[in-house]
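Architecture at a glance
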Amino acid sequence: MQWLIGACGALLVAGAAYWKQSLSLSGMLAAIVMGTIYFGAGNAFWFGILLLFFISSSLLSKLHHENKAELEATYDKTGRRDAGQVFANGGLGMLLVLLNAIYPLEIWGFLFIGVMATVTSDTWATEIGTLAKRPPRSVLTGKVLQAGTSGGVSLPGTLAAAAGGALIGAASWLLRAASGMPAHSLLTLALAGLLGGLAGAFADSVLGATVQRMNRCAVCGREVEASMHCGKPTVYARGWRWMDNDTVNAVSSIIGGVVALLASYIGAG
């Protein structure tokens, strides 16, 4: 019955997201599979955190969307998430859900909080940061960058990242209580989400500035993630060829999960 409820809930949410054009067809199918597993193998804690990330990120992606059209043309993926993006953002969390179902340990829950805090922080930072009035600066050198450049950070984006991570941590306290899971203090969980989210988001920026694959537009000369720009195919510019945006998200999530786990030990101590 729990698996059936999860499937129905995932179908409802993913179907609505597809209708609102937040998900592509492949993204919708991936979200249905993922949501079913999150609820069927887990409980309201796991599914609720996934839902919180997805709904908040989808809403923010629509914020002043008309002002983001030019920047989205430089990204490898746009606001309408496909299956690759869905699994890049929630696949590690799904693995942790399954690990917890097979061999229950508290460690999986804290890693999960960090992973989901990372993807939430990174998404919030991107969506809010691109609306900042001042241009971003390089996370490595502090040099002013063009809006949308990989490796760029801004004060509004950083504050948004902190808020997103803290929200995931605080929500996990409520959802764990509702699911009858072992209790931890609100401060401990909020700290885990905050630090894990910030660490993961900054790791994403560092990877974007150093090893992420970047291409160059053959028309305007701009460095972009996308394979097409100005209506023409882009050419390889720098970075590791296999390190695309989805891989960067996955690596950053692992870092955020580890930091959240360490933060939980500090908070508990």
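Residues numbered from 1 in each chain as written. Predicted model: local features only at pLDDT ≥ 70, side-chain atom pairs only at ≥ 80, totals over all residues. Heavy atoms only, no water.

Quick notes on the packing of aromatic side chains
Under the criterion given, the structure shown has 6 aromatic pairs. On the basis of an interplanar angle of 65° and a centroid distance of 5.6 Å, the ring pair of F45 and F112 is categorised as edge-to-face. Linking F45 in helix 3 (residues 44-61) with F112 in helix 6 (residues 106-129), this pair joins segments that are 67 residues apart in sequence. For the pair shown, F45 and F112 are each scored as buried. Note on W46 and F112: the rings are 4.7 Å apart at their centroids and 55° apart in plane angle, and the pair reads as tilted. In this pair, W46 sits in helix 3 while F112 sits in helix 6, placing the two residues 66 residues apart along the sequence. By the burial criterion, W46 is buried, and F112 matches it. In this structure, R176 packs its charged tip against the face of F45, placed 5.5 Å from the ring centre. (Phe/Tyr/Trp six-rings, centres within 6.5 Å; stacked < 30°, edge-to-face > 60°. Helix = DSSP H or I, 4+ residues; strand = E, 2+ residues; numbered from the N terminus. Buried < 20%, exposed > 50% of the residue type's maximum accessible area, 1.4 Å probe, protein only. Lys NZ or Arg CZ within 6 Å of the ring centre and 35° of its normal.)

Some points on the packing of helix 5 (residues 83-102) against helix 6
Contact geometry for helix 5 and helix 6: axes closest at 9 Å, N-to-C directions at 170°. Judged by the inter-axis angle, helix 5 sits roughly antiparallel to helix 6. Facing helix 5, whose interface residues are N89, L92, G93, L96, L99 and N100, helix 6 presents W108, L111, F112, V115, M116 and V119. (Axes fitted to C-alpha atoms, helices over the stretch in contact; angles between N-to-C directions. Parallel < 35°, antiparallel > 145°, perpendicular 65-115°, else oblique. Contact = heavy atoms within 4.5 Å.)

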